[in-house]
Amino acid sequence: MGGIFNKEILEALYQADFDKITEYIFKICELVVEDYENKRLKMPNDENKIRSIMLEEYMKKQKNVYGMSDYRFDLEIPENYVGDGKHIGRVDIRILLKNDFEKEDAYYVIECKRLDGTADLNKKYVKKGIARFITQKYSSYYGKNIMLGFVVKKIDISANAKLIEKIQNTESDKHMHGNFEFIDSNCVAESYRCIYQIQSGEVELCHIFSDYSSIM
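Read on for an overview of the structure.

Reading the values: the criteria
Here the residue numbers are simple positions, counted from 1 along each chain's written sequence. With pLDDT at 70 or above as the cut-off, local features in this predicted model cover only qualifying residues; side-chain atom pairs require 80 or more to be listed or tallied, and sums for whole chains, interfaces and linings still use all residues. Hydrogens and water molecules were not included; the side-chain quantities draw on all heavy atoms of the structure. By nonpolar core we mean a set of buried residues, namely Ala, Val, Leu, Ile, Met, Phe, Trp, Tyr and Cys, connected to one another through side-chain atoms within 4.5 Å. Exposure classes here rest on a 1.4 Å probe applied to the protein chains alone. A residue is buried below 20% of its type maximum, exposed above 50%, and partly exposed in between. Strands here mean DSSP runs of E at least two residues long; helices mean DSSP runs of H or I at least four residues long; both are numbered from the N terminus. Residues are treated as being in contact if the distance between any of their heavy atoms lies within 4.5 Å. Between 30 and 60 degrees the pair is tilted, below 30 it is stacked and above 60 it is edge-to-face, where a pair is any two Phe, Tyr or Trp rings, Trp via its six-membered ring, whose centres lie within 6.5 Å. A ring is scored as having a charge over it whenever the NZ atom of a lysine or the CZ atom of an arginine sits within 6 Å of its centre and within 35 degrees of its normal. What makes two strands pair is DSSP finding at least two bridges between them.

**Section: the nonpolar core**
Thinking step 1. Counting 40 residues, the largest nonpolar core has Ile 25, Met 54 and Met 59 as the members making the most contacts within it.
Thinking step 2. Listing elements by their share of this core, those giving two or more residues are helix H1 (2-39), helix H2 (47-59), strand S1 (71-83), strand S2 (86-97), strand S3 (108-115), strand S4 (144-151) and strand S7 (201-211).
Thinking step 3. By residue number, the principal contributor to this core is H1, which donates twelve residues.
Thinking step 4. Beyond its immediate chain neighbours, meaning those up to four positions away, Met 59 contacts Tyr 24, Ile 25, Ile 28, Met 54, Phe 73, Ile 93 and Ile 110.
Thinking step 5. Within the second largest apolar cluster, 28 residues are counted, among which are Ile 77, Tyr 107, Tyr 192 and Cys 194.

**Things to note about the packing of aromatic side chains**
Thinking step 1. Evaluated as defined, the whole model comprises twelve aromatic pairs.
Thinking step 2. An aromatic cluster of at least three residues, connected via ring pairs, comprises Tyr 14, Phe 18, Tyr 108, Tyr 141 and Tyr 142.
Thinking step 3. Over the aromatic face of Tyr 107 sits the side chain of Arg 94, whose NZ or CZ is 5.6 Å from the ring centroid.

**Observations regarding the pairing of strand S6 (residues 189-198)**
Thinking step 1. Most of S6 sits out of view: seven of its ten residues are buried.
Thinking step 2. Direction of pairing for strand S5 (residues 181-185) relative to S6: antiparallel, over a ladder of four bridges. Paired with Glu 181 across the bridge in S6 is Arg 193.
Thinking step 3. Counted between consecutive antiparallel strands, the loop separating S5 from S6 contains three residues.
Thinking step 4. From the end of S6 to the start of S7, which pair antiparallel, there are two residues.

Keep in mind these values describe shape, not function.
Shown next, in the form of structure tokens:
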């Protein structure tokens with residue numbers, strides 16, 4: 001009984017951490033747009049550059065302001081070593097929790113992809129984003145990770161989320177199937193939750209779509 005109780009407490013703590021991380025990303029997305037608009041700056045239309053600017057100039061620098069000092073954000077970390085000097089994955093952003101720094105495989109992953117409402121980028125979001133978690137190319141120590149979509153053209157984000165859901169649910173691999181559940185929104189972003197049944201159990205992805213179109 002004590003083991004089950006302890007497991008429930010641990011899961012609740014991990015959920016609280018995950019919620020705090022996703023909320024922080026939400027706030028950072030809003031801050032980036034506000035800052036760039038005020039300074040009349042333009043964001044490069046490049047997935048890696050957007051990610052790096054967001055991480056290095058905002059996520060890392062604002063940690064203390066938003067009470068995130070217990071989290072570490074790392075850029076482009078290789079994982080899943082298969083020998084012969086090779087890794088099968090390289091995650092966009094890795095998030096380590098202070099209490100788990102000693103556990104090398106304990107972290108959250110943010111996978112970033114551009115979106116513009118076209119079928120091409122929507123399919124890449126699914127096949128080169130979501131699929132990396134489903135096939136376990138990326139690990140999921142906590143059973144939860146984040147997909148971050150940089151919306152680089154003014155579109156209906158809610159409608160596009162449904163298109164992405166439809167694409168993943170028409171995949172022949174049924175592990176890719178799942179239903180998007182709306183979580184939250186602010187003036188620049190929307191978030192959705194989707195739970196996928198994979199070979200090792202299940203993985204939950206929080207899909208955050210951030211509208212950067214006004215600063216592109």
